[in-house]
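Descriptive analysis of the structure
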Amino acid sequence: MESSTLQTTPTVVHPLWLRLCHWLNALAMLIMVTSGWRIYNASPLFDFQFANALTLGGWLGGALQWHFAGMWLFAVNGLVYLLCNIATGRFRQKYWPLSFGELLRDALAALRGKLAHADLSHYNMVQKAAYLFVIADSLLLVISGLVIWKSVQFSLLRLLLGGYDNARFIHFYAMSAMVGFVVIHLVMVALVPRTLLAMLRGR
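Residues numbered from 1 in each chain as written. Predicted model: local features only at pLDDT ≥ 70, side-chain atom pairs only at ≥ 80, totals over all residues. Heavy atoms only, no water.

Description of the layout of surface pockets
There is about 820 Å³ of room inside the second largest pocket. Forming the boundary of the second largest pocket are 30 residues, of which Ile39, His67, Gly145, Ile148 and His171 lie nearest the centre. Sorting the residues of the lining of the second largest pocket by element identifies α1 (16-42), α2 (60-88), α5 (125-149) and α7 (164-191) as the ones contributing at least two each. Residue composition of the lining of the second largest pocket, grouped by class: 24 nonpolar, five polar and one charged. (1 Å grid on protein atoms, 1.4 Å probe; cavity = no way out; pocket = protein on both sides within 12 Å on 5 of 7 lines; lining within 4 Å. Points joined across faces, edges and corners; volume = space filled by probe spheres on them. Helix = DSSP H or I, 4+ residues; strand = E, 2+ residues; numbered from the N terminus. Nonpolar A, V, L, I, M, F, W, Y, C, P; charged D, E, K, R; others polar.)

Digging into the side chain of Thr55
Structurally, Thr55 can be placed in the loop between α1 and α2. Looking at Thr55, its side chain comes within polar contact range of the side chain of Arg38, at 3.1 Å. A polar contact of 2.8 Å, which involves the side chain of Thr55, links it to the backbone oxygen of Asn52. Dropping the residues within four chain positions of it, Thr55 is found in contact with Thr34, Trp37, Arg38, Asn41 and Phe50. (Polar contact = N/O pair within 3.5 Å; in protein donor to acceptor, adjacent residues only side chain to side chain. Contact = heavy atoms within 4.5 Å.)

Observations regarding the packing of helix α4 (residues 100-111) against α5
Where α4 meets α5, the closest approach of the two axes is 8 Å, and the angle between their N-to-C directions is 105 degrees. It follows from the interaxial angle that α4 and α5 lie roughly perpendicular. From α4, Glu102, Leu103, Asp106 and Ala107 reach across to α5, where they touch Met125, Val126 and Ala129. Residue composition of the contact of α4 with α5, grouped by class: five nonpolar, no polar and two charged. (Axes fitted to C-alpha atoms, helices over the stretch in contact; angles between N-to-C directions. Parallel < 35°, antiparallel > 145°, perpendicular 65-115°, else oblique.)

Right, dumping it as structure tokens:
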């Protein structure tokens, strides 16, 4: 009696365009955060500075050039990411609907270390909320960054953010929130290494 082996194609968790956007975004954020810290050191908002070893640019002029380069990569890549998510229907499929009750349940499960990660193609409510937060935070970074960069040209945005000085504080807090997300994200990757493999090879 002949036996046949059923071959199945592994499910694609992350399409190629998404993986490219993810890694380009990681590079852009690394450039912008480290160069931004050097720019911050030139005119600090608070009574501390970042260690020069953690910054990029070497001096204020060099940091600004790196920051502008990262800015364009971050903005263009983010726009491509949003357009691809909307065009493919992935945005609605992955991030909607949201439920506060389910978010609370999943958050409590995460704190107890009991949040399931068996199906990487499915986002739990904590992931949905976190990624939507990152998208909103990224928009806030861009808007506040435009006010800091071209305060006169973007006078309406400057007014909406409460002025130039206020925009600097908003930019700093938005950056801090992004760094906090990255730290948590890296911890989760360490706890569930399959997520890194999926982002590298798509499955």
